[in-house]
Amino acid sequence: MAKGIETNLELLETHYAIVAAALDKLEGEPR
Amino acid sequence: MHDIQSAVSGKEISAMSVVDTCLARIKASDAHLNCFTHLATDSARAQAREIDQKVARGDSVGALAGVPFGVKDLFDVAGEVTHAGARVRLTEPAAEEDATLVARLKAADAIYIGRLNMDEFAYGFATVNAHFGTTRNPYDTDRLAGGSSGGSAASVAAGLLPLTLGSDTNGSVRVPASLCGLFGLRPTHEALPMQGVFPFIEQLDTVGPFTQTLGDMVMAYRALANRHAPSDRDTSIRVARLGGWFRSNGDPVGAAGVDAIGAAFGNTPLIELPLAEAARSAAFLITAKYGGLLHQETLQHNAMGYDPAVRDRLVAGVALSDSKVDAAKAIIQAFNRQLQAALSEFDILIAPTTPSVAPKISDGWIDVGGRRLSARANLGLFTQPLSVAGVPILSVPLKRPGKLPLGIQLISRKHAEESLFNAAARLVKDGLVGFTPPQFELQDVTS
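Residues numbered from 1 in each chain as written. Chains lettered and ligands numbered in written order. Predicted model: local features only at pLDDT ≥ 70, side-chain atom pairs only at ≥ 80, totals over all residues.

Another aspect to go through is the overall build of chain B. A count of helices and strands for chain B gives 16 helices and 17 strands. The C-alpha atoms of chain B give 21 Å as radius of gyration, which agrees with the globular expectation for 447 residues (22 Å, within 12%). Along the first, second and third principal axes, the C-alpha atoms of chain B reach 60 × 55 × 40 Å. Out of the 447 residues belonging to chain B, those deemed buried represent 58%. (Helix = DSSP H or I, 4+ residues; strand = E, 2+ residues; numbered from the N terminus. Rg over C-alpha atoms; globule rule 2.2 N^0.38 Å. Buried ≥ 20, exposed ≤ 12 C-beta atoms within 10 Å, placed from the backbone.)

Here it is as structure tokens:
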């Protein structure tokens, strides 16, 4: 896989982790 | 703009001379700035001739008679190819008709001058375009103009055009407005028609104007929205400053600007939208996914025609799972509830537009809370979370002569654009907000 795509996939995972943590907090349970 | 309209309609100056002066300024300056991707010289002169003939006959002329304007390279203009900043669209057929907003401006006798540079497919906050080049900031040509509507902003800041249109999906009007010291409006989502505008993320896409002055902004918005001045004005405005995410990640100059503006409205509390960071990340994910899906087919047969940086972001976005997209949508819904609650208590919320002034082109980085982040992806740190709510937001330029520009966002309820204009008028009157011409214009255009 091209390095640029890999870097962007990692970036999306970082953003998803922020979303998931916020959602967990809202729902009061771990995801 | 009012002066041009008045002079043209009053026969003090011809529309043709306005166009010729405008084209001469562009010719003298654009090699340094790279704002334009196309100049419509012949059609501009033809339209000017028609307006002058109307004036000579004593016919009435439009509210923007003789005002030159340009559009971001994603608006359809009849007879021109809509490139959307992309090489893969160079061979597309020309548009058959004008985008609705271009038609509205022309109907008001504003004169179309040309197309303006942007990040490819509006995916970026920098206007660094692999095919059409980088647009430079008139306040310091070694710095970014911001994006993705960078050509639209830099051309107004340099005094090449009094009015341009851009698009704002995640901040692409507000970010370059901030870095180029202009008024830039993201209107209420769906308040202005998108017909004839190349899409990016339809649930977030808006289009809006750039101007040097608030008066021009109001004039432009009313022409674009087909609206007249309201009969009543807000007498008291309840204002709050946004803290938390919007305070801890930016240049202290932005926070100081927010405080100064807050003080102009009296005792303005500092409130938090706890989900702002998550909403920003959610917008990032939604943009990657739906942007990727929009381009998936073209990418499959012409991936190498894309700007590599844009291509890689789009390809990664397609791979994002539906469950992650659903999580992002859930956060957006929850954030919207927080924002609506704040806007039920306050008429205007204020926050910095960008986390920093324009970064150097050679750096490509901004410093955010001690972290070095890509300017292209992160200049929208403060605009992106607010985009998901669909509310109108006006970026106003802090008055700071001799320093690089920085904008402040005024945020209000859906369809409350006039409330934003009223609040901004007070700030202009107090001398806190306003356009400061760049030295570039003085040195290069008048020489």
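What follows concerns the domain arrangement of chain B. Residues and elements named next belong to chain B. For chain B, the assigned domains are domain 1 (2–231) and domain 2 (239–442). Between domain 1 and domain 2, the C-alpha centre-to-centre distance is 22 Å. Listed by partner, the interface residues are 54 residues for domain 1 and 57 residues for domain 2. Mapped onto the side of domain 1 that touches domain 2, the elements with two or more residues apiece are β4 (128–129), β7 (140–144), α6 (174–179), β9 (183–186) and α7 (214–225). When its residues are assigned to classes, the side of domain 1 that touches domain 2 shows 29 nonpolar, 18 polar and seven charged. (Domains from an automatic or database assignment. Contact = placed C-beta atoms within 7 Å. Nonpolar A, V, L, I, M, F, W, Y, C, P; charged D, E, K, R; others polar.)

This brings us to helix α11 (residues 308–318) of chain B. Every α-helix winds through 3.6 residues per turn, so residues three or four apart in the chain are directed the same way. Burial within α11 of chain B is extensive, with nine of its eleven residues counted as buried. Listed as buried for α11 of chain B are Ala309, Val310, Arg311, Asp312, Arg313, Leu314, Val315, Ala316 and Gly317 of chain B. Where α11 of chain B is buried, its residues contact α1 (3–27) of chain A together with α10 (276–302) of chain B.

Another aspect to go through is the interface of chain A and chain B. Listed as interface residues are 14 residues of chain A and, on the opposing side, 21 residues of chain B. Of the residues assigned to the side of chain A that touches chain B, the class counts are eleven nonpolar, three polar and no charged.

On to the sheet that holds strand β2 (residues 68–72) of chain B. All names here are of chain B. One open sheet holds the eleven strands; their spatial order is β1-β3-β2-β8-β10-β9-β16-β17-β13-β11-β12, and the pairing between them is mixed. Of all strands in the sheet, those bounded by a partner on one side alone are β1 (36–39) and β12 (270–271). In this structure, β9 lies alongside strand β10 (residues 207–211), joined through two bridges in antiparallel fashion. Paired with Gly184 across the strands is Phe210, a residue of β10. Most of the contacts of α7 go to β10, to which it runs at about 150 degrees, and overall it touches β8 (163–167), β9 and β10. (Pairing = 2+ DSSP bridges. Axes fitted to C-alpha atoms, helices over the stretch in contact; angles between N-to-C directions.)

Turning to helix α3 (residues 41–57) of chain B, a few remarks are in order. Residues and elements named next belong to chain B. In a regular helix each residue adds 1.5 Å, so 17 residues correspond to 24 Å; α3 covers 25 Å between its end C-alpha atoms and thus fits that length. For α3, the elements touching its buried residues are α1 (2–9), α2 (15–33) and β3 (111–116). Downstream of α3 by one or two residues, Gly58 has phi in the positive range, about 85 degrees. (Expected span 1.5 Å × (residues − 1).)

All names here are of chain B. Packing of α10 against α11 brings their axes to within 7 Å, and their N-to-C directions diverge by 105 degrees. Considering the angle they form, α10 stands roughly perpendicular to α11. Residue-level contacts link Ala288, Lys289, Gly291, Gly292, Leu293, His295, Gln296 and Leu299 of α10 to Arg311, Arg313, Leu314, Val315, Ala316, Gly317 and Val318 of α11. A per-class count over the contact of α10 with α11 returns seven nonpolar, five polar and three charged. (Parallel < 35°, antiparallel > 145°, perpendicular 65-115°, else oblique.)

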